[in-house]
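Single-letter residue listing:
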Amino acid sequence: MFIKKLHINIITFFCVSILNVSCSDITTKDEIDMKVEQLVKMMTLEEKVGQMTQVDHRYLEKKSDIKKYFLGSLLSGGGSVPDTNNVRSWVRMYNEYQSFALETRLKIPIIYGIDAVHGHNNVLNATIFPHNIGLGCSNDEDLVRRISAATAREVQATGLDWTFAPCVAVAQDERWGRTYESFSEDPDIVTRLGNASIQGYQGSSLDQPNTILACAKHYVGDGNTIYGTGMHGKIDRGDVLLDEKELRSKYIKPFKEAIDNNVGSIMVSYNSWQSKKLHGHKYLIDEVLKKELKFNGFVVSDWAAIDEIDKNYKKSIIQAVNAGIDMVMVPGQFIESANSYIDFIELLKESIQDGSIKMDRIDDAVSRILNIKYSMGLFEKPLKKFNKVNDLGSDKNRAIARESVKKSVVLLKNNNILPIRKNTRNILVAGEHADNIGYQCGGWSIWWQGGSGKITKGTSILDGIKSHTGKNINLSYSKSGDVDKNTDLIIVAIGEKPYAEMNGDRESLELSEDDIELVNKLSKSGKPIVMILISGRPMILEPILDKCDAILAAWLPGSEGAGISDVLFGDYSPTAKLSFTWPKNMKQIPINFGDTNYDPLYRFGHGLTFKD
Ligand code: GLC
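Here the structure is a predicted model, which means the values were calculated and not measured. (Residues numbered from 1 in each chain as written. Predicted model: local features only at pLDDT ≥ 70, side-chain atom pairs only at ≥ 80, totals over all residues. Heavy atoms only, no water.)

**Let's talk about the side chain of Asp65**
How we decide: Secondary structure counts use DSSP, requiring at least four H or I residues in a row for a helix and at least two E residues in a row for a strand, with both numbered from the N terminus. In this scheme, a residue with accessible area under 20% of its type's maximum is buried, one over 50% is exposed, and one in between is partly exposed, where area comes from a 1.4 Å probe on protein chains only. For the purpose of charge, His is not counted, nor are the chain termini; Lys and Arg are scored as positive and Asp and Glu as negative. The salt bridge criterion pairs a side-chain nitrogen of Lys or Arg with a carboxyl oxygen of Asp or Glu, the two atoms within 4 Å. Any pair of N or O atoms that falls within 3.5 Å is considered a polar contact. Within protein, one atom must be able to donate a hydrogen and the other to accept it, and sequence-neighbouring residues count only if both atoms are side-chain atoms. Contacts were defined at the residue level, with two residues in contact if any of their heavy atoms lie within 4.5 Å.
Here Asp65 shows up in helix α4 (residues 65–68). One buried charged residue, Asp65, remains without a salt bridge, the closest side chain of opposite sign being Lys62 at 4.2 Å. At a separation of 2.6 Å, a polar atom in the side chain of Asp65 contacts the side chain of Tyr341. Ignoring any residue separated from it by four or fewer positions in sequence, one finds Asp65 in contact with Leu60, Phe70, Leu71 and Tyr341.

**Remarks on the pattern of salt bridges**
Pairs may arise between side chains of opposite charge once their charged atoms sit close together. One pass over the full model with this rule turns up 42 salt bridges. Between Lys63 and Glu96 there is a salt bridge, and its shortest N-O distance comes to 3.3 Å. Of this pair, Lys63 sits in the loop between β1 (53–56) and α4 while Glu96 sits in helix α5 (residues 87–102); the two residues are 33 residues apart in sequence, bridging distant segments of the chain. Between Arg398 and Glu560 there is a salt bridge, with the nearest N and O atoms lying 2.8 Å from each other. Here Arg398 is found in helix α14 (residues 395–408), whereas its partner Glu560 is found in the loop between β17 (550–553) and α18 (563–568), with 162 residues between them in sequence. The buried category is assigned to Glu560, whose relative accessible area is 7%. Through salt bridges with shared partners, one network takes in Arg178, Glu181, Asp236, Arg237, Lys277, Glu308 and Glu501.

**Considering the side chain of Lys349**
Position of Lys349 among the secondary structure elements: in helix α12 (residues 341–353). Owing to a relative accessible area of 13%, Lys349 belongs among the buried residues under this scheme. Those residues in contact with Lys349 that sit more than four places away from it in its chain are Leu45, Glu46 and Val49.

**Re helix α7 (residues 141–157)**
Inclusion rule: One fewer than the residue count of a helix, multiplied by 1.5 Å, yields its expected span.
For α7, built from 17 residues, the straight-helix expectation of 24 Å at 1.5 Å per residue is met to within 8% by its first-to-last C-alpha distance of 24 Å. Within α7 the residues assigned to the buried category are Leu143, Val144, Ile147, Ser148, Ala150, Thr151, Ala152, Arg153, Glu154, Val155, Gln156 and Ala157. As for α7, its buried residues are in contact with α5, α6 (132–138), α8 (187–202) and α14. At the exit of α7 stands Gly159, carrying a positive phi of roughly 95°.

**Overview of the sheet that holds strand β8 (residues 272–273)**
Note the following rule: Being paired, for any two strands, means DSSP has found at least two bridges between them.
Read across the sheet, three strands follow the order β6-β8-β9 without closing on themselves; strand pairing throughout is mixed. Whereas interior strands pair on both sides, the edge strands pair on one side only; in this sheet they are β6 (239–240) and β9 (276–277).

**Observations concerning the packing of aromatic side chains**
In plain terms, the rule: Only rings of Phe, Tyr and Trp enter the pairing, Trp through its six-membered ring, and a pair is recorded when the two centres are within 6.5 Å. The plane angle decides the type: under 30 degrees is stacked, over 60 is edge-to-face, the rest tilted.
Inspection of every chain in the model, using the stated rule, returns 10 aromatic pairs. Judged by centre distance (5.0 Å) and plane angle (70°), the ring pair of Trp162 and Phe164 falls under edge-to-face. In this structure Trp162 comes out as buried when scored by relative accessible area, which is 0%. By relative accessible area, which is 1% here, Phe164 ends up buried. Taking 5.8 Å as the distance between ring centres and 50° as the angle between the ring planes, the aromatic pair formed by Trp555 and Trp582 counts as tilted. Residue Trp555 is located in the loop between β17 and α18, and its partner Trp582 is located in the segment after α18; the two are separated by 27 residues in the primary sequence. Trp582 matches Trp555 in its accessibility class, with the two residues each being buried. An aromatic cluster of at least three residues, connected via ring pairs, comprises Trp162, Phe164 and Phe298.

**Considerations on the environment of Ala149**
Locating Ala149 in the fold gives a position in helix α7. Taking the C-alpha atoms as reference points, Ala149 and Asn397, 248 residues apart in sequence, are found 9.6 Å from one another. Beyond its immediate sequence surroundings of up to four residues, Ala149 is in contact with Gly200 and Tyr201.

Pasting the structure below:
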């Protein structure tokens, strides 16, 4: 018996060595296909099931579970960081986890995913770019490509290799808490910028040193759920009632183009279509996405999303995997009701053994995952070095971020007081949002829900104004808006506080009472007012519209808030145009261009320049 075991181990060792030969020797897709086929043939049921399992590193019961359960992937959800949130700790953490994977019989490397959705936003002092709503207003494909390429370098600097981005939702109802993750209400803008983002993340081939795997999400229809059908909020994870024709033309379209652009992974959406959960939707995942649109990457579930298919977890697993989901995000015990990865693994094995899931389906899922891992060069170079740590938060990347802020700020109104005149002597800056990097970053920034204050390295709006006002301008800051009689100009920043996902679902998009009160107080001074709105979506401006001489929609600009002052002082004449319709009042919502009786406050495509 011992001789036999030794014999098997020797064969395995030579087979694995051949399979793990350097990627430089794997030059064609056929060669990758062949290696994947050979590897799958060698895999046990436990090894296959493990490849399909993704866990948030925070919820590993033991780090050695990576080896014990042959886990194929780890993730860091929002706020999931190493003990010390600095770039070297990330690399060390990645390598420690990868080493457990490399101790397994077949040495299949893990792939590590994270929501680097507007820069490498979990990581302290990374560059944080504007959220997608602002980039949608820039409508600049080259800029978006450069932002994603810069983000890929920062993700690689920390050792990670996969981002759950771009979000290609086509948001229609701004009451949705994830509106800011959408580029636009227009599927054409979403498609073009989604593709530019994928090109930036993935480069021309996945095995290049500075590229990472992209993930188009959330498939499909997340931006068009009906208000009141939400799973946890009012609209998030709700039901899409469109007919198939419109679902295809507006919502499947960005995914079709992403597939044509070689996106390597796609994440399924929490929402339902005609009351059927997407995570169990065989027609839309297997028939449409994989067979009709020929997606040959792998499909990943959302965070514990399969739990919402059926009360019986095993039934959920069977429905999700048979629908075509290849990797399941079984994050851990974040919410009491969530199932653990150990439950998942046992029940998935059971479902295969009792015939509820066919081995062909499992082999297809595992092959897709391994194909991407080979294409990324993970077998060749599973462990990361510290040679890219200086890319994190680099001046070069911050310059791109500041450029993107300038190009995403929409000038909604201007009674000829912008750009600020050279002879302006006394400027008052007011409002909490003027000096709060956390507020200007929004959700998905260091923490899942974002934060307040100096949450990371960057420049606030006030910092930017200070850098533009030399000794000949008296600059003062009053959060509460106390106006000195000598003031020539008031700049006030108001808006939303950070939120993410269902926590941002709102019944009303009215400005807060405090913000309205602040603008009213300022307006009593009789001084000209420039209002900067920091928000994840259009808001109802009616109460203060006539009190402001100029209004800028700055969205969620990220860490380089100083870019806004480049517009205020005329270093950059605004070019951005609204990628979302701006409603007059709540009765109009949802309102999108193309609607009948379309009579918004500002039309889709509106945006002034300094020449208007
Ligand atoms: C979240 C989001 C998804 C994200 C995932 C991992 O719930 O829906 O966009 O990529 O979980 O954090």
